[in-house]
Structures are given as C-alpha cells and as structure tokens.
Amino acid sequence: PVIYAGGGIVLAQAWEELRAFVEHVGIPVAHSLMGKGALADDHPLLLGMSGFWGTKLVNDTCLGADWVLGLGTRFKEADCSSWYRNFTFNIPATKLIHIDIEPSEIGRNFPTELGAVADLKEALSVLLQVARELYPAGRKPGPVLEQIAVSRREFAAANKAMATSDAFPMMPERILAEVRAQLPRDAIITTDVGWNKNGVGQQFPVYTPGSVLTPGGYATMGFGPPAAIGGKIARADRPLISLVG
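Residues numbered from 1 in each chain as written. Predicted model: local features only at pLDDT ≥ 70, side-chain atom pairs only at ≥ 80, totals over all residues. Heavy atoms only, no water.

Notes on the packing of aromatic side chains
Each aromatic ring pair is described using two quantities: the centre-to-centre distance and the angle formed by the ring planes. Our working rule: Ring pairs shown here join Phe, Tyr and Trp side chains whose ring centres sit within 6.5 Å, with only the six-membered ring taken for Trp; geometry is labelled stacked below 30 degrees between planes, edge-to-face above 60, and tilted in between. Numbering goes from the N terminus for both helices and strands, where a helix is a DSSP run of H or I of at least four residues and a strand is a run of E of at least two. Only protein chains enter the accessibility calculation, which uses a 1.4 Å probe; a residue is then buried when its area is under 20% of its type maximum, exposed when over 50%, and partly exposed in between. Any Lys NZ or Arg CZ found within 6 Å of a ring centre and within 35 degrees of that ring's normal is scored as a charge over the ring.
On inspection of all chains with the given rule, the structure shows seven aromatic pairs. The interplanar angle of 15° and the centroid separation of 5.4 Å between the aromatic rings of tyrosine 4 and phenylalanine 75 together place this pair among those described as stacked. Here tyrosine 4 is found in strand S1 (residues 2-5), whereas its partner phenylalanine 75 is found in the loop between strand S4 (67-71) and strand S5 (95-100), with 71 residues between them in sequence. On the accessibility criterion, tyrosine 4 (0% relative accessible area) is buried. With centroids separated by 5.7 Å and ring planes inclined at 90°, the aromatic side chains of phenylalanine 52 and tryptophan 53 adopt a geometry described as edge-to-face. Relative accessible area serves as the criterion here: at 42%, phenylalanine 52 is assigned to the partly exposed category. For tryptophan 53, a relative accessible area of 30% gives the class partly exposed. Feature note: the residues Tyr4, Phe75, Phe89 and Phe110 constitute an aromatic cluster, connected by ring pairs. Here the basic side chain of arginine 185 rests over the ring of tyrosine 207, its NZ or CZ set 4.0 Å away from the ring centre.

Put into structure tokens, the structure is as follows:
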C-alpha cells in the first residue's frame, strides 16, 4: 500500500493526523506538488513527489502499489505523468481509496474502489482510531524504510556536482542548496512558475507543513512575489524567500 497526500491535507491542516496515522500503520507516503510539506521531507517514510519531476523510487513505488490511499488530491496531470499507465499510477489494476472534501474529485481522473467525501482532519482522526484498534502495537513498514534511505543518499550524491558547482550563471541546484542551508526549518518559501516550482518540489526539503506556497493549480505566472507579501503579513515572525525566474 501507498498513501498519496495532496494539498487537501495542508488546507485542512491535517498534517499531525497524517503523521500519526502514517507512523502507526507504517505505510510509505508519496505526495503531489501541492502536498509538499504535508509530511516533513526528512521523515523516514516520505517517498517524495510523484509524476514528471518525481524520482524513480517514488514513481516505481506508486506504480507497483496494490492499494493507493489518496488523501486530498485531484490526481492532476503533472503529478500522474499525464495518466499514462506505465509511469506513475496503474489504476486499475492498483485499487484506489480516495478521500476528498470535493465530491466531484472522487473518481474524476481514476476509477475509485472506495470513495469518501470528508474533511481530511476528521477523516484521518477516524482512520487513526480504527488503525489503533486493528493494530494496537502498530504495523512495521518493512524494507521500504531502507529503500527510501538508500534512494535519498543516491539522489544527493548524483546531485552533488550541480549543488556545489562554481559555474556562472549559478546552477539552479546550487541556488536551492545554498538557500536551504541558510534558512531555519520553519522558513516560508514561495515560488513562481518554472523550474523553481519543480525544483522545490523535487529537491528542496520542506520540514514545516504549510511553509511552501506554490501555484500548482493553474500555474499562475507572477505568483511568487505577491504570495511572499501575503505570507510575510500573515507570519511576520518567520523568514521568507520567494524563488522567481
């Protein structure tokens, strides 16, 4: 099984319920672009972002899943590799349980084995309660923990040359690495549209839920700077950087 977390988790502020549920049932978590940060990027069960800019481990794990539990996600095109069956999701044969607050999203892009319209914070609270009754001692995650750890080390090693390059103009990977190294865990990031958005989704660790603001719906050009102003007005106590260009 794989849990697939979307932006609905962040909108519902259901990240603590998600983390508790994931840790109890031991199921790995992939996420959409808008689900970035729903679970901290250094959590041992976090696979990463799926789709066009997802890593091989993320897409292969989603592709090979028996069951996918989709939480607050539209299963949109970029996150699902244009819905081609041999890249990210193969639904069916993979069976889908889909929970979303918007009824029209259930079964819209993938046929659903079981669909439920619900607030994600409430839904995950109930799921956690039931999971604790079914598995009082919790459920062990198995070899996927080591697979995730190995994949992270390999990705970092493959990216090191770009992330430390002295080339001019600066490599995008180095910009992301330098910015991340200077910011605290709860800093807020906003992005415009382009590789900055995709790069943040793929390789910029986000540790605090709700701290990345990105235009993943209609991919609106020019979103980054005004989003930064809004973010700073809302949370003047936290550092904020907008990645544009």
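Some words on helix H6 (residues 172-182)
What counts is decided by this rule: An arc is given here, and it is the one of the directions from the helix axis to the C-beta atoms. In what follows, residue pairs with any heavy atoms lying within 4.5 Å of each other are defined as contacts.
Taken as a whole, H6 has its buried residues at Glu173, Leu176, Val179 and Arg180. End-on, the buried residues of H6 take up no more than an arc of 135°, which puts them together on one face. Counted as exposed and oriented over 90 degrees from the buried face of H6: Ala181 and Gln182. Where H6 is buried, its residues touch helix H5 (144-163), helix H7 (195-203) and strand S9 (240-243).

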